[in-house]
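Chain and residue survey
Listed here are the chains, written in short residue letters.
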Amino acid sequence: MRILLLHSDFIEYQPISKEIQTAEDLPSKSKKKIDEVIVAFIAVEKDDDESIIADVCKELKTYSEIIKCDNLLIYPYAHLSSDLATHIKAQTLLVLIEKQTGDLFKNVNRAPFGWTKSFNIKVKGHPLAENAKTVRKKNGNNTESTSESMALKSEDVLKSIWYVLEPGGNLIPINDYKFEKESLFKKLVDNELYKKRTVVEIPPHVRLMKRLAIADYEPSSDGGNMRYYPKGRLMKSLIETYVTRMIHDYGGIEVETPVMYDSNHPSIQSYFNRFPARQYNIQSDNKQLFLRFAACFGQFLMAKDFQISYKQLPLKLYELTRYSFRREKSGELVGLRRLRAFSMPDCHAFCKDIDQAKEEFVKRFELSLNVIEGLGISSSDDIDMVFRFTTDFYEKNKEFIRTFATRIKKPILVEMWKERFFYFIVKWEFNFVDNLGKAAALSTDQIDVENGERYKIEFVDSDGTKKYPIILHNSPSGAIERVIYALLEKTARDSNMGKIQALPLWLSHTQIRIIPVASKHLEFSEKILVELDKNNIRTDIDDREFSVAKKIREAESEWIHFIIVIGDKEVDDGKEFVVRERLAKSQYSTSLANLIKRIKSEISDKPYLPLNLPVYLSKRPIIMV
RNA sequence: GCCUCUAUAGCUCAGCAUGGUAGAGCGAAGGUUUCGUAAACCUUAGGUCGUGGGUUCAAGUCCCACUAGAGGCUCCA
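Residues numbered from 1 in each chain as written. Chains lettered and ligands numbered in written order. Predicted model: local features only at pLDDT ≥ 70, side-chain atom pairs only at ≥ 80, totals over all residues. Heavy atoms only, no water.

What follows covers the overall build of chain A. In terms of regular secondary structure, chain A is built from 17 helices and 30 strands. Principal axes of the C-alpha set define a box for chain A whose edges measure 105 × 65 × 60 Å. Across chain A, contacts joining residues at least 24 apart in sequence account for 75% of those joining residues at least 6 apart. Of the accessible surface of chain A, which amounts to about 28900 Å², a share of 49% is contributed by carbon and sulfur atoms. (Helix = DSSP H or I, 4+ residues; strand = E, 2+ residues; numbered from the N terminus. Contact = heavy atoms within 4.5 Å. Areas by Shrake-Rupley, 256 points an atom, 1.4 Å probe, with all protein chains shown as cover.)

Okay, structure coming up:
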């Protein structure tokens, strides 16, 4: 018996006409639509008999449990086999399946036998949405399931076993672990395993990204394609510059690759087969193109054309994609957390063997930790780690895995698979849990044992043979937009705890605002501005005809860290200024030199880019979002 | 993609249950004020009430579809 299983959003079918004389009679030929359903196309073959029905039902049930759908449609489909059973036997067996699955499923339907039918189907886009099985009679009463393989594999492989890895290195089954109540780690676990939500409200970062004129939705584009206002653009540039520099220091070689590729390229095609079709497609002349969803293809296709010796490994290629495109389902898009177009640093390391890959894996873990901390996201307070690997990898690398637990000093959520289903054998992520209890992955790294061969990337090893490298996929920061999301959500959390909301100084568009008391103080204000400018401190002047109090208020609501008011006193004195420092909630008198020193020490090694708006506030358009 | 909710001036929102020609605050423009650490004062202009259809003598208000957003589901290379 041949079975094709399709996990579908819906199927819509309509009997058209009888195809055979023995076709069953129907009360009506009306169209029928079933939502959220497993459609089982079944062809009954010559050797099939009642003895295999139990096994067929078991297969169906197993599949339904894996994908968590208990709505079944049995759909007679002769075209799956060229060795068909008689009509009568086929129909009998199908009815039997219908009866026996009745107890196993919540709903079971059967499309009429012997009819020409038209149908419309929408198959879901996940790896297991499509599945084929063959169930055959074995000697005697036993049956064998050739798709054994597929069904069992899928089940075993995708059945995750969850643990918590403690900093000491103990691996504790998730149900035995005692969580700290209300901890972010607990929320992460709820998110990953139980899909629980703690709060229901609009994510704070969405309001903030608009109010701070960082980013906004662009209704004239596609969902998840944002517009970034001047301040947002500057913030992105700064983060991008920072991450790129860190990767350079690590040894990454920056390249640039196309945003679109030929869908019919063989390597890409086979990669596709592994993943749901979630890409943007473009038809251009006779070519079917798609927009990249990561920098993988570009770098792999490039590396394939390199001549590489083992002496040059690990080879690290890096690109910051602007953009990577993923056509996520519309209902999944949220503010800056989940986008359809995003900028992602993607650094691949081509390694000669698993030992070198592991060594590199550790280095990149340290790199990611440094980057995340440098961005102002605390690895101890804001981040929880998820580690995913196969049982096999764990058994061989217990000590290795333990070192990560020791290093991160926090419990780690572990997902283990019995067999490898994806292209990687081990993967970790840093997850940020936001104010709604939703988790979003930032940094990640994977050890990929499949794509070296798939893309025919070769290196010559010390013994002169050609080999395929093991590839690491690392994004030390995660998507740039998601970093901004995390920073904004973090400020909202601060605010809930009574702290003052602020972005890191080095990411603030305006670092110092000068407020002249009256227009006669403008000239002196400009002199100070020039001095600060020389020292790479982004400074602007609020020259608008408002009261000082009002200008202070606006500067505070823009979260500007330092404010200097320039009036007669300052012009006369020329040395000391009263600085209003937002985070310190204080005003103090200091010299310009001291202020510059103070700011430089806080910014330390972070990149500088000039102001991205006119210096004078009177010259700026109002971006009221 | 599915279910539920939302869409009124540049921004935040009222008006809608009971259909009868559109309101406030902030912002903007013009003017007065040259001002010392979180909102000076006066005047004026701003709206095909998301888009398209329908019901009605009459629709911002009721109904349908679409678009965009939010929450949930699902998913997340």
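Core analysis: the biggest nonpolar cluster contains 113 residues, and Ile239, Phe350, Phe361, Met385, Phe387, Phe389 and Phe430 have the highest contact counts within it. Counting residues per element, this core draws most heavily on helix α6 (residues 230-250), which supplies nine residues. When residues are assigned to domains, this core turns out to be shared by domain 2 (197-351 + 360-387 + 421-474 + 483-488) and domain 3 (505-619), each giving three or more. Setting aside chain neighbours within four positions, we find Phe350 in contact with Gln299, Phe300, Ala303, Leu313, Pro314, Leu315, Leu317, Ile457, Pro469, Ile470 and Ile471. Counting residues in each nonpolar core, the second largest holds 28 residues, with Met1, Ala40, Ala90 and Leu94 among its members. (Core = buried A, V, L, I, M, F, W, Y, C linked by side-chain atoms within 4.5 Å. Buried < 20%, exposed > 50% of the residue type's maximum accessible area, 1.4 Å probe, protein only. Domains from an automatic or database assignment.)

A few words now on the environment of Leu188. Relative to the elements of secondary structure, Leu188 occurs in helix α4 (residues 184-194). Placed 214 residues apart in sequence, Leu188 and Arg402 show a C-alpha to C-alpha distance of 21 Å.

Here the focus is the pattern of salt bridges. Two side chains bearing opposite charge may form a pair once their charged atoms approach each other closely. Tallied over the full model, the rule gives 42 salt bridges. Its salt-bridge partner being Arg388, residue Glu415 comes within 2.4 Å of it at the nearest N-O pair. Here Glu415, found in strand β20 (residues 412-417), pairs with Arg388, found in strand β19 (residues 383-390); they are 27 residues apart in sequence, far enough to count as distant. Put simply, Glu450 and Arg454 hold a salt bridge, and the shortest N to O gap is 3.0 Å. Under the relative-accessibility criterion, Glu450 is labelled buried at 12%. (Salt bridge = Lys/Arg side-chain N within 4 Å of Asp/Glu carboxyl O.)

Attention now goes to the pairing of strand β28 (residues 562-566). For β28, the tally of buried residues reaches four of five residues, placing the bulk of the element in the interior. Here strand β26 (residues 512-516) pairs with β28 via five bridges, running parallel. Across the sheet, residue Arg513 finds its bridge partner in β28, namely Ile563. Pairing between β28 and strand β29 (residues 576-581): three bridges, direction antiparallel. In the strand pairing of β29, Ile563 is matched with Arg580. (Pairing = 2+ DSSP bridges.)

Taken together, the ten strands give an open sheet; going across it, the order is β9-β8-β20-β19-β21-β22-β25-β18-β17-β12, and neighbouring strands pair in mixed fashion. For this open sheet the edge positions go to β9 (171-173) and β12 (253-254), each flanked by a neighbour on one side alone. With ten bridges joining them, strand β17 (residues 315-325) and strand β18 (residues 341-351) adopt antiparallel strand pairing. Its bridge partner lying in β18, Leu317 is registered against His348. Contacts from helix α8 (residues 296-304) reach β17, β18, β22 (439-448) and β25 (470-475), with the element oriented near 35 degrees to β18. (Axes fitted to C-alpha atoms, helices over the stretch in contact; angles between N-to-C directions.)

Quite often, the size of an interface is put as the accessible area lost when its parts meet. Partitioning chain A into structural domains gives domain 1 (2-157), domain 2 (197-351 + 360-387 + 421-474 + 483-488) and domain 3 (505-619). Listed per partner, the contact involves 17 residues of domain 2 and 15 residues of domain 3. When the buried surface of domain 2 facing domain 3 is broken down by residue, Lys231, Leu234 and Leu238 rank first, second and third, together holding 40% of it. At the boundary of domain 2 and domain 3, one finds one salt bridge. Across the pair Lys231 and Glu558 runs a salt bridge, and its minimum N-O distance is 3.0 Å. Applying the counting criterion to the domain 2 and domain 3 interface returns four residue pairs in polar contact (both at pLDDT 80 or more). (Buried area = accessible area lost by both parts, 1.4 Å probe. Polar contact = N/O pair within 3.5 Å; in protein donor to acceptor, adjacent residues only side chain to side chain.)

Judged by how many residues are buried, α8 sits mostly within the fold: seven of nine residues are covered. Of all the residues in α8, the buried ones are Cys296, Phe297, Gly298, Gln299, Phe300, Leu301 and Ala303.

What follows concerns the sheet that holds strand β24 (residues 466-467). One open sheet holds the three strands; their spatial order is β16-β23-β24, and the pairing between them is mixed. Two strands in the sheet have a free side with no partner beyond their single neighbour: β16 (308-309) and β24. As paired elements, strand β23 (residues 459-460) and β24 share two bridges and run antiparallel to each other. Note that in β24 the partner of Val460 across the bridge is Lys466.

Another point: the side chain of Thr510. Secondary-structure assignment places Thr510 in the loop between α13 (480-496) and β26. Within polar-contact distance, the side chain of Thr510 engages the side chain of His509 at 3.3 Å. Sequence-distant contacts of Thr510, defined by excluding residues within four places in its chain, comprise Arg538, Asp540, Ile560, Leu611 and Arg620.

By the definition in use, this model includes 32 aromatic pairs. Aromatic pair Tyr323 and Phe325: ring centres 6.0 Å apart, planes at 75 degrees, arrangement edge-to-face. Judged by its relative accessible area of 23%, Tyr323 is partly exposed. Within the aromatic cluster, the residues linked to one another by ring pairs are Phe361, Phe365, Phe387, Phe389, Phe393, Tyr394, Phe400, Phe404, Trp428 and Phe430. Cation over ring: Lys61 sits above Phe105, and NZ or CZ is 5.5 Å from the ring centre. Directly above the ring of Phe400 sits Lys358, whose terminal nitrogen or CZ lies 5.1 Å from the centroid. (Phe/Tyr/Trp six-rings, centres within 6.5 Å; stacked < 30°, edge-to-face > 60°. Lys NZ or Arg CZ within 6 Å of the ring centre and 35° of its normal.)

Turning to the packing of helix α1 (residues 53-67) against helix α2 (residues 87-101), a few remarks are in order. Closest axis-to-axis distance for the α1/α2 pair is 10 Å, and the angle between their directions is 55 degrees. By the angle class used here, α1 and α2 are oblique. As α1 packs across α2, the resulting crossing turns out to be right-handed. Across the interface between the two elements, Ile53, Ala54, Val56, Cys57 and Leu60 from α1 touch Leu93, Leu96, Ile97, Gln100 and Thr101 from α2. Within the contact of α1 with α2, the residues separate by chemical class into eight nonpolar, two polar and no charged. (Parallel < 35°, antiparallel > 145°, perpendicular 65-115°, else oblique. Left-handed = near helix turned anticlockwise from the far one by under 90°. Nonpolar A, V, L, I, M, F, W, Y, C, P; charged D, E, K, R; others polar.)

Interaxial distance between helix α9 (residues 354-374) and helix α11 (residues 398-408) falls to 12 Å at its minimum, and their mutual angle equals 15 degrees. Considering the angle they form, α9 stands roughly parallel to α11. Read as a crossing pair, α9 and α11 show a hand that is right-handed. Contact residues: Lys358, Phe361, Val362, Phe365, Glu366 and Leu369 in α9; Phe400, Phe404, Arg407 and Ile408 in α11.

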